[in-house]
Amino acid sequence: MAKRGFSGVVIRSYGARDHEVTVVGKESLAPHFVRVRLTSATLFQDAVAVPTAWLRFWFPDPDGGESEHQRAYTISSADETTGEFTIDMVLHEPAGPASLWAKRVEPGWTIMATSLGSSKFDVPEEPPAGYLLIGDSASIPAVNSILAAVPVDVPVEVYLEQHDDADPLVPLTPHPRARIHWVPRQGPASLAAAIEARDWSDWYAWAGPESGSLKHLRTRLRDEFGFPKSELYAQAYWYYGRAFGKRRGTPEPEPAAAPEPAPAAAAPSGPAVRGAWRAQGAGRLLAPLKRTLILSGALQAVVTLVQLAPFVLLVELARRMLAGAAESTLWTLGGWALGLVGAGTLLGGALTLWLHAVDARFARDLRRRLLGKLARLPLGWFTARGSGHVKQVVRDDTLALHYLVTHAVPDAVAAVVAPVAVLAYLFAVDWRIALALFLPVLVYVMTMTVMVVQSGARTALALRWSERMNREAAGYLEGQPVIRVFGGAAGSTFRARLDEYIGFLDDWQRPFTGKKTLMDLATRPATFLLLIAFLGTWLVSSGAMDPVSLLPFLLLGTTFGARLLGIGYGLSGLRTGLLAARRIQTTLDESELQVRAGPAAAAAEAPGTVVFDRVDFGYRPGVPVIHGVSIVLRPGTLTALVGPSGSGKSTLAALLARFHDVDTGAVRVGGHDVRDLTADELYARVGFVFQQTQLVHGTVHDNIALALPDASRERVEAAARAAYLHERILRLPRGYDTVLGPDAALSGGERQRLTIARAILADPAVLVLDEATAFADPESEYAVQRALDRLTAGRTVLVIAHRLHTITGADQIVVLDGGRVAETGTHDELHAAGGRYRQLWDAGANRTTARAEATL
Amino acid sequence: MIRTLLQLLPADRRRLAAGHAALTVLGVALRAAGAVLLVPLVADLFGPDPGGAWPWLGALAAVTAAGWAVDTAAARIGFDLGFALLDNGQHSIADRLTRIRLTWFTAAHTATARQAVATTGPDLVGLVIYLVTPVAGAVLLPVAIGLALLPISVPLGLAALAGVPVLLVAFWTTRRIGRVADRTAEDANTALTERIVEFARTQPALRAARRAEPARGLVGAALAAQHGATVRLVLLQIPGQLLFGLASQAALVLLAGTTTALAVRGDLGVPEAIALLVVVARYLEAFAALGELTPGIETATTALRRIRAVRDAPTVSIGASARPGTATGAPRIRLERVAFRYADDGPQVLDGLDLTLEAGTTTAIVGPSGSGKSTLLALLAGLHQPTAGRVLVDGDDTAALAPDERRALVSVVFQQPYLFDGTIRDNVLAGDPGAGEDRLGHAVALARVDEVTARLPDGERTAVGEAGTALSGGERQRVSIARALLKPAPILLVDEATSALDTENEAAVVQALADRTTPRTRVVVAHRLGSIRHADRVVFLEDGRVVEDGTVEGLLAAGGRFADFWRRREAATGWRVVSAGGSDT
Ligand SMILES: Cc1cc2nc3c(=O)[nH]c(=O)nc-3n(C[C@H](O)[C@H](O)[C@H](O)COP(=O)(O)OP(=O)(O)OC[C@H]3O[C@@H](n4cnc5c(N)ncnc54)[C@H](O)[C@@H]3O)c2cc1C
C-alpha cells in the first residue's frame, strides 16, 4: 500500500480491486506504437469492454524505485468471457514509466490494473448529425472504438494532433464517412485553430487530446461554435512536459513543467459560425413560458418561506415566554401563525391553479402546432418513425410537459429554497452549530461517493441487465406454448438467466448494505438531534450561547440533512420534462413538404405519363440510395421494379407517391413536377396501395368514400363489389353503416380489400402498388388478387415486385441494383439477355425473394 | 400489499420478518424516548442551572446509540429479507407463469407479467428497508411520542394521540386525490391527444384521399371543444391536494397553542413548555417523512401490484392420473361436445364440437380465418382447456391426466416458432433430450435443417441467438419442425405458417407429415394444397362447426365449400399483376 502513495489509498478506499494482468504478447502496429496482448482471470468481473473504456495500470518505476506509477490505457479489444484483451501504447519521447514498460515488456510479465471511473461511449437511438472526434496518437485507441460504433451513414470528422512523423502510420478503424485530418502540433493552440470553422449544428464532439490543447479546444468548441455541454465530451489524455498519472510509494515531486516551444501564431482557419443544437430545443419550446415559469418559481419560493415561518414564530414565542411577556402578545403571535398558515395555503393553491391555467393554454397551442406540423410532414417521416414514436411525442411527451409546468418547476424551487433558507437562518443564529450540521451530510456524501465509484461499471451493467431481462422475459412469455409442450429444456435458459441476474444484483448490492445503513443512520433526525443537543449543552452550559439560539436548531436543524439531500430528487423531475420538450421541438423543427410556386407547367404529357428524370435521393445527406435513375412510364402500362432487398425499389416507388422529395432530378406526373403540385393535386393523380392499411374512424361507407365523401351508396357499393368485399360488408352487423372497431373488426385481407375499394373509387390515373399486398393473408389471397386486378386495369401502374413470377406480364421491368438501374426490358428480353435479371430469376428459381422489403 | 409481501417470503424467513418487526418497534420506541428526553434536557438548559443538562444529554446519547444499534440490526435483517424476496419472488413468478392459463395473456397482462419478472427485482431488494421500515416508523413514532407525553402533560399527550388518525387520514386523502388528479390529467391528455395520434396514423390514407386538411380542421375543432371540459376536471382536483399541508400546519399551531396555554395557565413551567414545543416539532416531523416516502410507496405498490396480478391469475387445473402402461402406438382422439371461449364474456369460438380422429390418421383442418382452427389445435395440444365438453385420448379424459403425462402425449409445430438461446442442436434436442444420434439425424434431415446447417460455419452447433433471432424466419421454422419430429409423442399437431413468403418450408412440412417412423395420429391446420393433399381426411371448419368432412377427392367431387377453397388456392398460386389488358382469368 505504501508504495502507491496517497492516491493509492484513495483508490483503495473506493474499494477498487487490483487485478493481476499477464502479458501474452506484443506486436508493433507502427514504428512507435505497440499493441500489448493481455489476459486476466478476474478483470472483467469489474470492467466492461465498451467503446472508449479504459483501465488504470500500475507501472513499475523505470529507475527500479519502490513506487508504482498509475497510467490510463484504453481497452482496444477484448473478449470478456476469456478475459483476453489488448491495449495499444504510444512509445513517446521523452518516455515515462508506461512507455518504457511498453518498450521492454515481454510475454509472461505481470502488472496490476483497476477498472475505476472508466468512460463509455454510446450512440443514441437518434444519432447526432455527425461526430467530431479530436485527439492524437494516445487517444487513437479510443477514437478507433468510437469509429467502430458510429453507424456507417453518419459523417465523422477526425482531427488528430501530430507529434511524430510516424503518427499517420498508426492504423485507424475504417469508416466510410470518416475524414481524417492530421494537424502538426505547433503549440497548444494549433489543434483548436485547425478545426474547420463551419456550422456544427447537431454534431457531437468527443475530445481526448493533450491537456494544453484541450484548453484551447474547449474555448473554440463551446464559445465559438456553440457546442452545448451535453454534446461535448472532453478529457485530457496527457500533459505536455509533465508526467500524467499518480504514483504510489515515494512522495510525488512536483515536476517543473518543461517550457513549451513558442507557439507559432496559428491563425484560426476562418471566422467561426455558431450552430444550433436539437439538444437546446427544450429551451426554444419553453421560451414563451419563460417569464411565467420564473414568476411562478419566485412565488413558490415565497410559499416555501411562508411554510417555514411558523417555526420561526415558535422561536419568537419561546423568547416572549422566557421574557415573561404578557399573555396578549402571545396570542398576537398565535394570530400571526394562523394567518401565515392560511396565507401560505391560499397562495400555494392559487399558484397551482394559475400554473394549471397557463399549462392548459400552452398545451392547447402546442397540440394545435403539432397537428399542423403532422399535416405538412412528408409521408416518409411517418413510415420511418412508426406509430410508437408518434405516440411518444404526441401523447407521452405532452403529458410530461404538463408535469414539468405544473409540478416539476415548483417542486424543484421548493426543494432548493427550503434548505438554503433554513441554512441561512441557522447560520445567522449560530454559525458554529450550523457548520456542525454538515458533518453527517459529509458522511453521507462520502459513503455515497465510495458506493458510486465501487459500483463503477456495474451501474452500466445493471442497465444492460434490465434491458436484457426485459427482452428475455418477453421471449419467455411469447414462448410459453412451446415451453409447455416441450417442457424442461425449452424454458431452462430463461431460468438460468434469471438466476444470473439475481446473482448479479446480489453480488452488487449485498456488500453495500452496511454503507447504506450508515448513510441512513447518519442523516436521520435522531442523529442531528444528538449532535445539536451535545453542542448546545456544551455551549449553553459554558455560557457561550443564549439558550434561545438553540431553539431554531432543535426545530429546523434536525431535518436539515433530509432537506439537503432532497434537492437532487427535486431536480430530477425537471430532466424528464426537458427531454420531452426537446423531442417535441425536434418534431416541430422537421422540414415540411414545400409546394413550389412553379411555373404553371404546360402539361405537354398525357395525365397518365410518369417520368423519373435523373433522380438522386438519400435519407441522410451524403448517403445516396438512388443514383441518377431515369424511367418513363407510359399511360396505361405496367412497370415492375425488381432487385434484391436494399436495391432501392421501395424507395423509388415511394418517391412517386412523394413520401420524400428527390435531392436532384425530378419526378413528373403528366408533365408536372410532383413538387409543383399541392398534395391534393398530386393525390388526385397518384394513388398507392401498400401492405399497411389505414382505416379511419368511421363507418365502412365513410372509409371507402374517403376521397369522395359525397359519393352515393351505389358508387360505394360498386367499388366494394369490385374489391370483392360487398358480401362481407353485408354480413357486418349494420352493413355499410357499421362503425369499424373492436366489435366489428375486419381481417387483414378484408382491410386490404377495403383499401383497394377506396382506391378504385378515388380512381387515380397512376397507381403505386406493393406486390406483397397480394400475398399478405393466405385466407383471402384469392379475393385480394381479384380486387387488385380490378384496381390496376387501365391505369399506369408502378409495382414493387418481390416474386418475379408475378410480374412476368409487365410491359416494362426495371432491375435496380445498389440504387441504379441495371437493366430495363420485358421478361422475355431480360431473361434472354442473361444479365442481372436472369441471375435473380435463376437464384429465386421462380421462388420468392424471401426476406423481401415488405414495407417502405 | 403486506399479504403479497409475506407470501413472497420463503417460509423459513417468516420468523425473521417477525424479528424485524419487533426490532422496528423497539427502534421507534427508542426514538420516541429520545424525543421526550428533550423535555428535561431543554428545560434544564433554559433553567437557572444549564449544567444540569449533562446527565440528560448522557441519557439521550445512550438512547440514540441504542437506537443506532437496534436499527442497524433491523436493517441487516431488512436487507436479508429483501434479498430473500428477490430470489424467492422472482422464481415464484417465473414458476407461476408456466401454469397460468394461456387465455389470460392479453397484451396488457403480458406486459404486466413481463415487468413483474424483468423489472421488479431491484425494487424488491429495497422493499423492506426503504419502505416497510420507514413507513412503519413514520406511523408509529407519533403514537409513541404521544404516549410518552402522557406522563408529562395529559392534555398534550391526548391531543397528540388524537392528531395521529386525523393527520393520517389527511395524508391518505391527499395522496389519493393526488393520484386521482394524476390519472385525470393523464386521461384528459390521452383523450385530447388520441385524435392527433389517430390523425398521424392515418396520414397516408388521408392524403391519398385528399382529406388531410378537412380532417385537420375536424380534429382541431373537436380538440377545442373537448379542451375546456377536461381542464375543468383537472382543476377540480387541486384543492384536495392541499389538505395534508393544511392539516399538519394546523396541528402545529394547535399543539403549540395548547402548550402555550398550559404555560400561561401555570400548569407548565416556561422551560418545560419550550421543551415541549421542540417535541411537537419532532412529532410532526414523522408525518413530513411520510410525505417524502410517497414516490417510493408508489413504485413499490406498482411492483407489488404487478406481482400480485401474476399470482392471482387463473391457473390451469391439474389432474393426477396416468395413462395405462399398455397405451402404445397412435391413439384415437375424441372431442365430445367441446365448447371454448377466450374470455368469460367473449363469444363462443367452439360450441359443442364433436369430432373423432381415428388412430394413425392424418387430418387436415381447413377453413376461413376465425373459424376456430387454431383454437381446436390448441385444445388438442392441451394449451387451452375446454370450457365445456371433454377431449378424450384412447377414451381417457385428458383433463384428468398429470401434467407430465399430458405433455408426453403431443408434439407441436407452431406457427411462431420460438427457439431458446442455445445451439441449433440443443433446440432440436429439446424435443427429446435423450435422443440418440441416429434419431436426431433423421429428424434433422426430414425437416431439412441439414440444408441450413450446411451453410453455417458452425453447423448444428451454431447459436440461434436470443429467441432465435440469428436465424431467418424460415430457418427457425425448420428447426421447430425437427424439434417436433424428434419428440416421441403419439400425437403430432402442425399449425402451418400463414405467411406466404415462407413457401420454401412447404416441402419440409409435407415431409414431416409423411414421416412414418413413429406411429402417430396427425392433425394439420393447413393453408397450402401441398400439405392438404397428404391428409387422409379433410375437416372444413366454419364458425366453430364442421361444415364438410371427407377425403380430399370426395370433397372436391362434392363441389362444396372445400372445393371452392381448393379452386381459389390454385388460382391464387399462378396470379400475375396485370394492367391495361384487364384481368387474365
Ligand atoms: C482515459 C485515458 C486513456 C488513455 N488511453 C491511452 C491508450 O490507449 N494508448 C496510449 O498510448 N495512451 C493512452 N493514454 C495516454 C497515456 O496515459 C499518457 O500518455 C501517459 O502519460 C503515458 O505515461 P508515461 O508513463 O509513458 O509518460 P509520463 O510519465 O506520463 O510522461 C513522461 C513524459 O512524456 C510526455 N508524454 C506523455 N504522454 C505522451 C504522448 N502520448 N505523446 C508524447 N509525449 C507524451 C509527457 O509530457 C512527459 O514529458 C490515455 C490517457 C487517458 C487519460
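Definitions and cut-offs
Residues numbered from 1 in each chain as written. Chains lettered and ligands numbered in written order. Predicted model: local features only at pLDDT ≥ 70, side-chain atom pairs only at ≥ 80, totals over all residues. Heavy atoms only, no water. Buried < 20%, exposed > 50% of the residue type's maximum accessible area, 1.4 Å probe, protein only. Helix = DSSP H or I, 4+ residues; strand = E, 2+ residues; numbered from the N terminus. Pairing = 2+ DSSP bridges. Right-handed = clockwise from strand over helix to strand, strands pointing away. Axes fitted to C-alpha atoms, helices over the stretch in contact; angles between N-to-C directions. Parallel < 35°, antiparallel > 145°, perpendicular 65-115°, else oblique. Left-handed = near helix turned anticlockwise from the far one by under 90°. Contact = heavy atoms within 4.5 Å. Nonpolar A, V, L, I, M, F, W, Y, C, P; charged D, E, K, R; others polar. Lys, Arg positive; Asp, Glu negative; His and termini not counted. Salt bridge = Lys/Arg side-chain N within 4 Å of Asp/Glu carboxyl O. UniProt positions renumbered as here; feature names shortened; annotations may be inferred. Buried area = accessible area lost by both parts, 1.4 Å probe. Polar contact = N/O pair within 3.5 Å; in protein donor to acceptor, adjacent residues only side chain to side chain. Near = heavy atom within 4 Å. Areas by Shrake-Rupley, 256 points an atom, 1.4 Å probe, with all protein chains shown as cover.

### As for the pairing of strand E7 (residues 130-136) of chain A
All names here are of chain A.
So, step 1. With 7 of its 7 residues buried, E7 lies for the most part within the structure.
So, step 2. Judged from the 5 bridges that link them, E7 and strand E10 (residues 203-207) form a sheet pairing that is parallel. Bridged to Ile 134 within E10 is Ala 207.
So, step 3. Pairing analysis gives 6 bridges linking E7 to strand E8 (residues 156-162), with the strands arranged parallel. Directly across from Leu 133, in E8, lies its bridge partner Val 158.
So, step 4. Once you follow E7 into helix H4 (residues 140-149) and on to E8, the crossover reads as right-handed.

### Structural notes on the packing of helix H13 (residues 457-478) of chain A against helix H4 (residues 107-118) of chain B
So, step 1. Relative orientation of the contacting elements H13(A) and H4(B) amounts to 130°, with a least axis distance of 9 Å. Viewed along their axes, H13(A) and H4(B) adopt a mutual orientation that is oblique. Our pair here, H13(A) against H4(B), has a crossing hand that is right-handed. Between H13(A) and H4(B), the contacting residues are A:Met469, A:Asn470, A:Ala473, A:Ala474 and A:Leu477 on the first element and B:Thr110, B:Ala113, B:Arg114, B:Val117 and B:Ala118 on the second.
So, step 2. In the contact of H13(A) with H4(B), the residues fall into 7 nonpolar, 2 polar and 1 charged.

### Topic: the side chain of A:Asp202
Residues and elements named next belong to chain A.
So, step 1. By the secondary structure assignment, Asp 202 is in the loop between helix H5 (190-194) and E10.
So, step 2. This buried residue, Asp 202, is left without a salt bridge; Arg 278 holds the nearest opposite charge, at 4.1 Å.
So, step 3. Not counting residues up to four positions away in its chain, the partners in contact with Asp 202 are Pro 128, Ala 129, Gly 130, Ala 276, Trp 277 and Arg 278.

### Points about the UniProt feature "domain: ABC transmembrane type-1" (unreviewed entry) in chain B
So, step 1. Residues annotated in UniProt with the feature "domain: ABC transmembrane type-1" (unreviewed entry) correspond here to residues 21-299 of chain B.
So, step 2. Annotated as 89% helix and 0% strand, the span residues 21-299 of chain B places its first and last C-alpha atoms 22 Å apart.

### Regarding the pattern of salt bridges
So, step 1. For the structure on display, the rule yields 60 salt bridges over all chains.
So, step 2. Residue B:Arg390 pairs with B:Glu336 through a salt bridge whose shortest N-O separation is 3.2 Å. Of this pair, B:Arg390 sits in strand E4 (residues 388-393) while B:Glu336 sits in strand E1 (residues 333-341), and the two are 54 residues apart along the sequence.
So, step 3. Taken together, the shared-partner salt bridges in this structure form one network comprising A:Asp506, A:Arg510, B:Asp12, B:Arg13 and B:Asp80.

### Quick word on the sheet that holds E10(A)
Residue and element names in this part refer to chain A.
So, step 1. Across the sheet, which stays open at both edges, the 5 strands sit in the order E9-E8-E7-E10-E11 with parallel pairing between neighbours. At either end of the open sheet lies a strand with only one pairing partner, and these are strand E9 (178-184) and strand E11 (232-234). Across the sheet, the mean angle from the axis of one strand to that of its neighbour is 10°, orientation sign disregarded.
So, step 2. Docked against the sheet, helix H6 (residues 211-224) engages E7, E8, E10 and E11, running at close to 170° with respect to E11.

### So, the interface of chain B and chain A
The accessible area lost on association of the parts is a frequent measure of interface size.
So, step 1. In this complex, chain B contributes 138 residues to the contact, which on the side of chain A involves 145 residues.
So, step 2. Here chain B and chain A share an interface that buries about 12,900 Å² over both sides, 70% of which is from carbon and sulfur atoms.
So, step 3. Together, B:Arg207, B:Arg210 and B:Trp575 form the three largest contributors to the area buried by chain B at its contact with chain A, with a combined 7%.
So, step 4. At the surface where chain B touches chain A, the tally comes to 5 salt bridges.
So, step 5. With its nearest N and O atoms 3.7 Å apart, the salt bridge here joins B:Arg569 to A:Glu781.
So, step 6. The tally of links between chain B and chain A comes to 32 residue pairs in polar contact (both at pLDDT 80 or more).

### Some thoughts on the site of the ligand
All names here are of chain A.
So, step 1. Neighbouring the ligand are 27 residues; Arg 71, Asp 88, Ser 99, Tyr 239 and Gly 241 lie closest to it.
So, step 2. Note that a nitrogen atom of the ligand is positioned 3.4 Å from one of the backbone N or O atoms of Ala 138.
So, step 3. The contact in question runs from an oxygen atom of the ligand to an N or O atom on the backbone of Tyr 239, over 2.5 Å.
So, step 4. Within the complex, 94% of the 900 Å² of free accessible area of the ligand lies under protein.
So, step 5. Within the residue set of the shell around the ligand, elements represented by two or more residues are strand E4 (68-79), strand E5 (84-90) and helix H3 (97-104).
So, step 6. Per-element tally for the shell around the ligand: the top contributor is E4, with 4 residues.
So, step 7. Residues belonging to the shell around the ligand are distributed by class as follows: 18 nonpolar, 6 polar and 3 charged.

### Some points on the UniProt feature "domain: ABC transmembrane type-1" (unreviewed entry) in chain A
So, step 1. Those residues carrying the UniProt feature "domain: ABC transmembrane type-1" (unreviewed entry) are residues 294-576 of chain A in this numbering.
So, step 2. When the span residues 294-576 of chain A is considered, its composition is 92% helix and 0% strand, and the gap between its end C-alpha atoms is 19 Å.

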